[in-house]
Amino acid sequence: MGGGSSPCASCKLLRRRCAKDCVFAPYFPPDDPHKFAIVHKVFGASNVSKMLQELPVQQRADAVSSLVYEANARMRDPVYGCVGAISYLQNQVSQLQMQLAVAQAEILCIQMQQEQQPAPNNLALEDEKSINLLPTNNFNYNNLQHYLSFASSSSNVMQDPLKRESLWT
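Residues numbered from 1 in each chain as written. Predicted model: local features only at pLDDT ≥ 70, side-chain atom pairs only at ≥ 80, totals over all residues. Heavy atoms only, no water.

Contact geometry for helix α2 (residues 33–43) and helix α4 (residues 57–76): axes closest at 9 Å, N-to-C directions at 70°. Relative to α4, the element α2 lies roughly perpendicular. Of the two possible hands of crossing, α2 and α4 adopt the one that is left-handed. Taking contact as the criterion, the partners of K35, I38, V39, K41, V42 and F43 in α2 are, on α4, V64, L67, V68, E70, A71, N72, R74 and M75. Looking at the contact of α2 with α4, its residues break down into 9 nonpolar, 1 polar and 4 charged. (Axes fitted to C-alpha atoms, helices over the stretch in contact; angles between N-to-C directions. Helix = DSSP H or I, 4+ residues; strand = E, 2+ residues; numbered from the N terminus. Parallel < 35°, antiparallel > 145°, perpendicular 65-115°, else oblique. Left-handed = near helix turned anticlockwise from the far one by under 90°. Contact = heavy atoms within 4.5 Å. Nonpolar A, V, L, I, M, F, W, Y, C, P; charged D, E, K, R; others polar.)

Structure representation (structure tokens):
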């Protein structure tokens, strides 16, 4: 029996005797039956057994971990599995990058407006010191065009059908 007195979770679920060389025993312990049940439901015991037997022993634990993750994702989203979650997160990253670019463009516009305003001639010494604390402006107008065009070039981003309210609105 795969290392203990009780059969592994797979042999218990499949109602068979757990042999000493059971391929499932090291990865599906008897105290976690849900782990094998979900993998079996999505992939089938025979397929999982074949996959594990084809892998070197040192890679099997990682493979089981991946199978369990994908099986859980398939239970939540039967069509896309973990790819659906990855796509959703990539979409969020794209939207946040676009929002960041818009915010950076707004900052640049504000900096340009501040540059164009004439400074009063009767500044106090303290005001001059505070102006010196502002970042020096080596403004590149090409950057502004890049930021302003980013939002329009990213319009092909797939919109999430379950879109949540944005933090920026």
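What follows is about a nonpolar patch on the surface. A surface patch of nonpolar side chains, amounting to about 320 Å² of accessible area, comprises V79, Y80 and V83. What makes V79 exposed here is its relative accessible area of 60%. (Patch = residues over 30% accessible without salt bridge, like charges linked within 9 Å, V, L, I, M, F, W, Y side chains within 5 Å. Areas by Shrake-Rupley, 256 points an atom, 1.4 Å probe, with all protein chains shown as cover. Salt bridge = Lys/Arg side-chain N within 4 Å of Asp/Glu carboxyl O. Buried < 20%, exposed > 50% of the residue type's maximum accessible area, 1.4 Å probe, protein only.)

Moving on: the nonpolar core. Residues C8, C22, F24, F28, V39 and L52 are the most contacted members of the largest nonpolar core, which totals 21 residues. If you list the elements that add at least two residues to this core, you get α1 (9–14), α2, α3 (45–54) and α4. When residues in this core are grouped by element, the largest group, 5 residues, is from α4. Setting aside anything within four residues of it in sequence, one finds L52 in contact with V23, F24, Y27, R60, A63 and V64. (Core = buried A, V, L, I, M, F, W, Y, C linked by side-chain atoms within 4.5 Å.)

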